[in-house]
Amino acid sequence: MDLSLRFKAHIVTLLVLVALLLAWQLAVGGRGSVVKMDPEYAKLMGANATQGKSAMPGPLEVGTKLWQLLSDPFYDRGPNDKGIGIQLAYSVARVSLGYLLAALVAIPLGFLIGMSPLMNRALDPFIQVLKPISPLAWMPLALYTIKDSSLSAIFVIFICSLWPMLINTAFGVSTVRKDWINVAKTLELSPGRTARSVILPAAAPTILTGMRISIGIAWLVIVAAEMLVGGTGIGYFVWNEWNNLSITNVINSILLIGLVGMILDQLMGRIQRAVSYAE
Amino acid sequence: MIGPAMQQSFISVQGLAKRFPDPTGKGETNVFRDVWFNVVEGEFFCVIGHSGCGKSTILNILAGLDTPSDGVIVANGKHVAGPSLDRAVIFQGHALMPWMTARSNVELAVSSRHPDWTKAQIRDHAAKYLALVHLDQAMDKKPAQLSGGMRQRVGIARALAIEPKILLMDEPFSALDALTRGSLQDEVLDMRAKTSQTTFMITHDVDEAMLLADRILLMTNGPEARVAEIVENTLPKQRSRVDLHKHPNYYPLRNHLIEFLVTRSRELAGVGGAHLDVRNPIIVRPALGETTHALAPVGQEPSGQERKTDPRPSHTATA
Ligand SMILES: Nc1ncnc2c1ncn2[C@@H]1O[C@H](COP(=O)(O)OP(=O)(O)O)[C@@H](O)[C@H]1O
Ligand SMILES: [Mg+2]
């Protein structure tokens with residue numbers, strides 16, 4: 001029953017995929033009429049545009065290119081020509097570093113805010129003002145103070161991962177069931193032991209929800225940040241391929257950004273399931 | 001035999017009061033006030049009263065989890081000023097950590113009581129108490145996988161495993177079905193026979209109090225709740241649920257308690273209880289065909305107050 005449902009779902013997924021690819025192929029492959037076009041723009045878009053054939057590559061073209069990209073992902077031929085695997089690795093490394101730093105700050109600080117009504121009130125204005133700032137708005141300031149584009153990107157990841165983790169940790173800690181705290185008190189557990197054995201596991205599902213939101217945002221932001229700072233990374237790669245007018249590579253990058261984002265999310269989802277508990 | 005009242009008091013509650021601000025923000029309301037009573041070492045002490053009279057608040061103050069507005073509690077010679085491993089609490093909701101197995105829940109308590117023990121010692125000790133409440137088979141399950149009764153057993157094992165001087169129970173079985181409740185009451189009887197642990201229990205179940213308690217404290221309705229009287233259990237010490245009701249004192253005792261809950265707890269609330277000597281509550285011993293003499297507690301002359309208890313079983317009373 002459950003198995004057959006899953007099987008049916010797979011079939012439908014496959015059908016939808018085929019339908020999408022077909023539609024794509026038809027949309028770009030059909031010989032449309034020669035559209036009137038700004039001559040400047042036509043020159044920019046190259047021969048295809050003027051021949052009435054869409055400049056948009058079809059699925060086969062993209063697939064072939066993807067195969068090329070993935071069959072040699074880690075080559076390095078100078079600053080402007082690196083394998084897609086290397087570019088993705090740069091992005092993942094920046095995200096991981098910024099994210100980890102954010103966790104190191106957000107979780108202890110969230111504990112403090114969650115445990116202490118005083119700190120909660122005292123720090124709330126800062127959080128309320130800092131939270132809605134677009135992480136990219138920090139970029140110029142980061143570039144000016146840190147003077148290193150790669151570190152600035154990491155800082156931007158740090159700042160955007162911080163808030164969901166901080167707010168969820170504080171919320172999770174402050175809403176730990178009173179009963180469990182009372183048990184810890186009557187057992188005379190030390191504050192450290194209470195934090196480790198009672199509050200942390202009790203709040204872990206909420207904290208992990210924040211961490212999962214954070215990794216999603218971080219992955220969204222890294223692409224934009226790398227477009228700005230350039231040099232390396234998947235964001236830079238997309239922008240560079242756009243400048244090279246390689247729409248095929250742009251589409252492939254989009255696909256890979258989605259895949260890596262999904263893997264990061266699933267990873268956090270696994271950890272989230274591992275720390276969740278049934279009451 | 002020396003009656004409990006003649007022995008050294010183990011818990012002494014002196015002039016306890018708890019106030020909360022009124023919802024309007026003006027003034028305060030006493031949930032209860034002027035609460036005085038003593039619990040003797042090894043005694044099973046029950047408190048009965050309607051919901052809202054402050055029973056849980058008294059227990060939480062006794063546990064050190066809450067503070068009184070007035071008055072003090074002395075337990076085992078020391079002022080109660082916070083939670084202590086000497087006073088274990090069995091909570092109404094089992095309050096087990098759901099991310100830990102039954103075993104780990106008990107081990108957490110044991111390791112806190114004996115920080116110097118090895119892992120093996122902690123494990124053995126926890127297993128021993130889980131076996132005591134017949135949970136040897138289910139130790140490695142998490143609370144969500146256990147039935148309500150089994151969870152409460154783990155709660156009992158956790159409390160007993162720290163070998164406290166005083167056991168505090170706040171309506172421990174009220175969330176369970178009648179059958180499970182019965183078997184857990186048997187468990188408590190069994191444990192009492194083995195350890196004669198000083199126990200303070202809140203209940204609103206008259207039968208539970210009669211089965212388990214040595215003495216039963218009756219509280220008037222809140223707010224401004226007060227101690228109405230203390231009832232001594234006149235049933236023999238060795239009790240079993242099966243033939244408890246055959247004892248001649250069963251109905252006098254039961255009727256006395258029910259009558260209190262139905263009418264007197266309300267009549268004695270507020271000004272109706274102005275005559276109560278809250279410092280030396282009347283002690284009542286409901287028994288068949290007897291006029292019960294109100295006995296004064298330790299060091300006091302009998303106050304001369306008397307209460308006649310109704311000797312008729314309830315089914316003949318209605319005939
Ligand atoms: N934090 C609080 N603020 C205001 N009133 C409270 C608070 N805690 C308890 N009360 C009141 O104290 C009374 C006694 O509560 P409780 O000790 O739980 O009674 P019981 O256990 O006998 O049912 C209740 O009427 C409740 O409304
Ligand atoms: Mg209560």
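Residue and element names in this part refer to chain B. For the pair helix H3 (residues 119–132) and helix H4 (residues 148–161), interaxial distance at closest approach is 9 Å and the crossing angle is 130°. Compared by their axis directions, H3 and H4 come out oblique. Relative to H4, H3 is oriented so that their crossing is right-handed. Judged by residue contacts, His125, Tyr129, Leu130 and Leu132 of H3 engage Ala157, Leu160 and Ala161 from H4. Grouping the amino acids of the contact of H3 with H4 by side-chain chemistry returns six nonpolar, one polar and no charged.

What follows is about the environment of B:Val47. Residue and element names in this part refer to chain B. Topologically, Val47 is positioned in strand S3 (residues 44–48). Given a relative accessible area of 3%, Val47 falls into the buried group. Setting aside residues no more than four positions away along its own chain, Val47 makes contact with Lys55, Phe200, Met201, Ile202, Thr203, Leu217 and Met219.

Here the focus is the interface of chain A and chain B. On the chain B side, the residues contacting the 18 residues of chain A number 20 residues. Summing the contributions of chain A and of chain B, the shared interface buries around 1,700 Å²; its carbon and sulfur component is 71%. Among the residues chain A hides against chain B, the three largest losses belong to A:Val183, A:Thr186 and A:Leu187. Together they make up 33% of the total. There are four residue pairs in polar contact (both at pLDDT 80 or more) connecting chain A and chain B. Mapped by element, the contributors of at least two residues to the side of chain A that touches chain B are helix H9 (178–186) and helix H10 (191–229) of chain A. Top contributing element to the side of chain A that touches chain B by residue count: H9(A), with six residues.

Note: strands within a sheet are paired through backbone hydrogen bonds, in either parallel or antiparallel orientation. Residue and element names in this part refer to chain B. Judged by pairing direction, the sheet is mixed, and its seven strands sit side by side in the order S6-S7-S8-S3-S9-S10-S11 without closing on themselves. Lying at the two open borders of the sheet, with one neighbouring strand each, are strand S6 (87–90) and strand S11 (282–284). Neighbouring strand axes in the sheet, compared pairwise and without regard to direction, differ in orientation by 20° on average. As paired strands, strand S9 (residues 215–219) and strand S10 (residues 227–232) are joined by five bridges and run antiparallel to one another. Directly across from Arg215, in S10, lies its bridge partner Glu232.

Residue and element names in this part refer to chain B. In the region of ligand 1, the neighbouring residues are Phe20, Val31, His50, Ser51, Gly52, Cys53, Gly54, Lys55, Ser56 and Thr57. Surface burial for ligand 1 is 54%, taken as the share of its 570 Å² of free accessible area covered by protein chains. Ranked by residues supplied to the shell around ligand 1, first place goes to helix H1 (residues 55–63) with three residues. Of the residues assigned to the shell around ligand 1, the class counts are three nonpolar, six polar and one charged.

Residue and element names in this part refer to chain B. When the domains of chain B are assigned, the result is domain 1 (4–86 + 166–318) and domain 2 (96–163). At the interface, 13 residues of domain 1 touch 13 residues of domain 2. Carbon and sulfur atoms make up 66% of the area that domain 1 and domain 2 hide from each other, which totals about 1,100 Å². Three residues stand out in domain 1 for area buried against domain 2, namely Leu85, Leu184 and Glu187, and they jointly supply 46% of the buried area on that side. Counting across the domain 1 and domain 2 interface gives two salt bridges. A salt bridge links Glu187 to Arg153; the shortest N-O distance between them is 2.1 Å. Counting across the interface, domain 1 meets domain 2 through four residue pairs in polar contact (both at pLDDT 80 or more). Take the side of domain 1 that touches domain 2: its biggest share by element is six residues, from helix H5 (residues 178–195).

Residue and element names in this part refer to chain A. Under the domain assignment used here, chain A contains domain 1 (1–48) and domain 2 (57–278). Its C-alpha centre places domain 1 at a distance of 32 Å from the equivalent point of domain 2. Taken together, the contacts link five residues of domain 1 with seven residues of domain 2. Both sides of the domain 1 and domain 2 interface together cover about 460 Å² of buried area, and 77% of this is carbon and sulfur. In this structure, the connection of domain 1 to domain 2 is made through zero salt bridges. If you tally residues by element for the side of domain 1 that touches domain 2, the top one is helix H1 (residues 2–29), at four residues. In the side of domain 1 that touches domain 2, the residues fall into four nonpolar, one polar and no charged.

Procedures and definitions
Sequence positions are assigned chain by chain, starting from 1 and proceeding in written order. Here every chain gets a letter starting at A, and every ligand a number starting at 1, in the order they are written. The predicted nature of this model means local features are confined to residues of pLDDT at least 70 and side-chain atom pairs, given and counted, to a pLDDT of 80 or more, with totals for whole chains, interfaces and linings taken over all residues. Side-chain descriptors were evaluated using all non-hydrogen atoms of the structure, hydrogens and water having been removed beforehand. Comment: axis = line fitted to C-alpha atoms, over the contacting stretch for helices; angle = value between 0 and 180 degrees taken between N-to-C directions. Numbering goes from the N terminus for both helices and strands, where a helix is a DSSP run of H or I of at least four residues and a strand is a run of E of at least two. Working definition: roughly parallel below 35 degrees, roughly antiparallel above 145 degrees, roughly perpendicular at 65 to 115 degrees, and oblique for all remaining angles. In this scheme the crossing of two helices becomes right-handed for a clockwise turn of the near helix relative to the far one and left-handed for an anticlockwise turn of less than a right angle. By definition in these notes, contact holds between two residues if any of their heavy atoms fall within 4.5 Å. Residue classes follow a fixed rule: Ala, Val, Leu, Ile, Met, Phe, Trp, Tyr, Cys and Pro count as nonpolar, while Asp, Glu, Lys and Arg count as charged, and any other residue, Gly among them, counts as polar. Each residue's exposure class comes from its accessible area (1.4 Å probe, protein chains only) as a fraction of the maximum for that residue type: buried when under 20%, exposed when over 50%, partly exposed otherwise. The buried area of a pairing is the accessible area, by a 1.4 Å probe, that goes missing from both parts when the two are put together, added over both. Here a polar contact means two N or O atoms within 3.5 Å. Within protein one must be a hydrogen donor candidate and the other an acceptor candidate, and residues neighboring in sequence count only if both atoms are side-chain atoms. Strands are labelled as partners when DSSP assigns at least two bridges between them. In these notes, residues near a molecule or strand are those with any non-hydrogen atom within 4 Å of it. For every accessible area listed, the method is Shrake-Rupley and the probe measures 1.4 Å; residues are considered covered only by the protein chains on display. Domain segmentation is taken from an automatic or database assignment of domains. Should a side-chain nitrogen of Lys or Arg be within 4 Å of a carboxyl oxygen of Asp or Glu, the pair is scored as a salt bridge.

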